[in-house]
Amino acid sequence: MFSTDDTIVAIATPAGRGGIGVLRVSGSQAREIAESILVRTSPLAPRHATFTRVRSAQGGVVDDVIATWFPAPRSYTGEDVVEVSAHGSPAVLAAILEALIRRGGRLARPGEFTLRAYLNGRLDLVQAEAVADLIDAATPMQARVAFDQLEGSLSGRIRTIDDELLDLVASLEASLDFPDEGFHFITPNHLVPRIDAVIANLDAVLAQAARGRLIREGATVVIVGRPNVGKSSLFNALVGQERAIVTAWAGTTRDLVTERVELAGLEMTLVDTAGLRETLEGVEREGVARARQACTVADLVLAVLDGGAALTEEDQRLVDEVRSQRHVVAANKSDVDPVWDLPGAVRVSALTREGLEDLRRAIVEALTGTEPLQDTAAVTNIRHVTLLAEARVALQQGRDAAALHAAPEEFVLADLHAARGSLSEVVGVGTSEEILNRIFERFCVGK
Ligand SMILES: Nc1nc2c(ncn2[C@@H]2O[C@H](COP(=O)(O)OP(=O)(O)OP(=O)(O)O)[C@@H](O)[C@H]2O)c(=O)[nH]1
Ligand SMILES: [Mg+2]
């Protein structure tokens, strides 16, 4: 079991120097331990920033700090918490940390403050996970979605679905408990449409999952095509700097070249690859193998063709190949007189940058559809998606049993209970310690 009876301490700000560095102390002894290193006579007042000095474990003065005591339960963890803001020097922070440990604090494990907040009911599991996502957010959209979840938007939607289920379960159980009333609290005819309504609500949440995950995880876009069609030139144009080597010779790019870019608020990993061709030469052949490998993990394949030269059999094969996955076809070198026209291909010139915006838009649209992303994403986390999908399977099973009329109501009830079990696991009711460990491992120390 997780121990919560000791008092944990950690540096909460990132490693390295900064204007301010913050230490956190949480637990029943938090105030006593913190006060024992402060040079002052009166006790800390609740929620009051106090300017004071701290002493090291050896007793020397270390720094002037601001100490704030947040009495339980109105603190981040729900326990007594003291935050100490010192000057952000690694040496100063280490000395204060050592003094706190010497006085009885235990160094916190990653995520342990947030774990305690969850165990003390300050946050549900979705919100706790959102804390980690918010800290990890690299794009404004990632930050917004994480903050929404931290505020409880997703937890609220799940609770609403669960409330409807609870209503249904209560009616069904009443019917079973009072069979002699000769009266059903809910008739089978009413049962099916009500389960359908719950399924529809669940589907609305799940429908956004792919887009939500895209926001949270970003997308990998792999650029492929024949040698010399301008893959590296387009890669550089999309990245906005001369990252990959461009030459007039076929077979320039050998290894994978990777760069992160933000497109329409989405985090993307762009991958430039070696030109696809049958080749006997060692390094290039390895490059082609890597290009093909990269395609298998791509969220989107950008197939580049030379718009200024006749289409070859290889081009045709490539276009056929990428059709089986999410893709965009670009006809590069649009500054050269076009010699062919392929419906659906985006005309672009890496040289003049003409059509580059169209290409960006085509990539984002292929990934997200045409609706704007901002207002739709609620589920972003694969753990949530998996559990919601499990709940849906159970509901569908219950619905089908109810529709048959022949099935006893107990069967339907069992399915509804199973669905509720999955829903509550999303927010962290009945979540196993192993899963909790895996979730909180992701956090940094001090959070
Ligand atoms: N006219 C014109 N030339 C281009 C354009 N894009 C690339 N080129 C030229 O095409 C040649 C090949 O460009 P790269 O970007 O190296 O092509 P690549 O597909 O990466 O080639 P490999 O790495 O060898 O497979 C270079 O001489 C580029 O200057 C374009 O839009 N218009
Ligand atoms: Mg190249």
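Residues numbered from 1 in each chain as written. Chains lettered and ligands numbered in written order. Predicted model: local features only at pLDDT ≥ 70, side-chain atom pairs only at ≥ 80, totals over all residues. Heavy atoms only, no water.

K.L.:
Quick one: what's the story with the sheet that holds strand β7 (residues 106-107), residue by residue and with numbers?
P.N.:
Reading across from one edge, β3-β4-β5-β6-β2-β1-β7 is the order of the seven strands in this open sheet, with mixed pairing throughout. Each edge of the open sheet is held by one strand with a lone partner, namely β3 (38-39) and β7. Where strand β2 (residues 18-26) lies against strand β6 (residues 81-88), eight bridges are found, and the strand directions are antiparallel. Bridging across to β6, glycine 21 finds its partner in alanine 86. (Pairing = 2+ DSSP bridges. Helix = DSSP H or I, 4+ residues; strand = E, 2+ residues; numbered from the N terminus.)

K.L.:
Tell me about the coordination of the magnesium ion (ligand 2), and please be specific about residues and values.
P.N.:
In this structure, Ser232 (OG) and Thr253 (OG1) serve as the protein donors to the magnesium ion (ligand 2), at separations of 2.0 to 2.1 Å. Here serine 232 is found in helix α9 (residues 231-239), whereas its partner threonine 253 is found in the loop between α9 and β9 (257-263), with 21 residues between them in sequence. Each member of the pair, serine 232 as well as threonine 253, carries the same accessibility label: buried. (Donors = N, O, S within 2.8 Å, 3.2 Å for Na, K, Ca; no water. Buried < 20%, exposed > 50% of the residue type's maximum accessible area, 1.4 Å probe, protein only.)

K.L.:
Give me the lowdown on the site of ligand 1, citing residues and values where you can.
P.N.:
Inspection of the region around ligand 1 gives 23 residues, with Lys231, Ser233, Gly251, Thr252 and Asp335 positioned closest. Measuring from an oxygen atom of ligand 1, one finds a backbone N or O atom of threonine 252 at 2.7 Å. Between a nitrogen atom of ligand 1 and a side-chain N or O atom of asparagine 332, the distance comes to 3.2 Å. Relative to its unbound accessible area of 650 Å², ligand 1 is 87% covered by the protein chains. If you map ligand 1 onto the pockets, it falls in the largest pocket. Of the residues forming the shell around ligand 1, the biggest block, three residues, is contributed by α9. Its residues assigned to classes, the shell around ligand 1 shows nine nonpolar, 11 polar and three charged. (Near = heavy atom within 4 Å. Polar contact = N/O pair within 3.5 Å; in protein donor to acceptor, adjacent residues only side chain to side chain. Areas by Shrake-Rupley, 256 points an atom, 1.4 Å probe, with all protein chains shown as cover. 1 Å grid on protein atoms, 1.4 Å probe; cavity = no way out; pocket = protein on both sides within 12 Å on 5 of 7 lines; lining within 4 Å. Sits in = over half its atoms within 2 Å of the grid points. Nonpolar A, V, L, I, M, F, W, Y, C, P; charged D, E, K, R; others polar.)

K.L.:
Break down the environment of leucine 150 for me, with residues and values.
P.N.:
Relative to the assigned elements, leucine 150 resides in helix α5 (residues 140-151). Note on leucine 150: relative accessible area 22%, which makes it partly exposed. Put simply, leucine 150 and alanine 132 are 18 residues apart on the chain and 9.8 Å apart in space, counted from C-alpha to C-alpha. Every residue in contact with leucine 150, bar those within four places of it in the chain, is listed here: Leu123, Gln127, Ala130, Val131 and Leu134. (Contact = heavy atoms within 4.5 Å.)

K.L.:
Explain the layout of surface pockets to me, and be specific about the residues and the numbers.
P.N.:
Considering only enclosed or pocket space, the largest pocket measures out at about 340 Å³ in volume. Every residue lining the largest pocket is counted, 24 residues in all, and those nearest its centre are Asn228, Gly230, Ser233, Val246 and Thr247. If one sorts the elements of the lining of the largest pocket by residue count, α9 sits on top with three residues. Considered class by class, the residues forming the lining of the largest pocket number nine nonpolar, 12 polar and three charged. The volume enclosed by the second largest pocket comes to roughly 240 Å³. Secondary-structure elements contributing two or more residues to the lining of the second largest pocket are α13 (382-404) and α15 (433-441). When residues in the lining of the second largest pocket are grouped by element, the largest group, four residues, is from α13. Of the residues in the lining of the second largest pocket, the class split is four nonpolar, two polar and six charged. (Points joined across faces, edges and corners; volume = space filled by probe spheres on them.)

K.L.:
Account for the pairing of β2, naming residues and giving values.
P.N.:
One face of the sheet, then the other: side chains in a regular strand alternate in exactly this way. Two strands pair when backbone bridges link them, and strand β1 (residues 8-11) and β2 are joined in this way by four bridges, in the antiparallel orientation. Each bridged residue has a counterpart across the sheet, and for valine 9 the counterpart in β2 is valine 25. Connecting β1 to the next strand, β2, in antiparallel fashion are six residues, including glycine 16 with a positive phi near 110°.

K.L.:
Go over the environment of arginine 360, please, and point to the residues and values.
P.N.:
When you line up the elements, arginine 360 lands in helix α12 (residues 356-368). C-alpha of arginine 360 to C-alpha of alanine 264: the two residues are 96 residues apart in sequence and 8.5 Å apart in space. When residues no more than four places from it in sequence are discounted, the contact partners of arginine 360 are Ala237, Leu238 and Leu263.

K.L.:
Just give me the short version of unusual backbone geometry, but keep the residues and values in it.
P.N.:
Residue alanine 72 is joined to proline 73 through a cis peptide bond whose omega torsion reads 0°. With respect to the element layout, proline 73 can be found in the loop between β5 (61-70) and β6. At arginine 47, a residue that is not glycine, the phi angle is positive and equals roughly 50°. Mapping arginine 47 onto the fold places it in the loop between β3 and β4 (50-55). What makes arginine 47 partly exposed here is its relative accessible area of 40%. The backbone phi angle of alanine 264 is positive, close to 50°, even though this residue is not glycine. Structurally, alanine 264 can be placed in the loop between β9 and β10 (266-272). Residue classification places alanine 264 among the exposed positions, given a relative accessible area of 57%.

K.L.:
Summarise the pairing of β9; cite the residues concerned and give the values.
P.N.:
Relative to β10, β9 runs antiparallel, the two being bridged by seven bridges. For valine 257, the partnering residue across the bridge sits in β10 and is aspartate 272. What sits between the antiparallel neighbours β9 and β10 is a turn of two residues, in which alanine 264 has the positive phi angle 50°.

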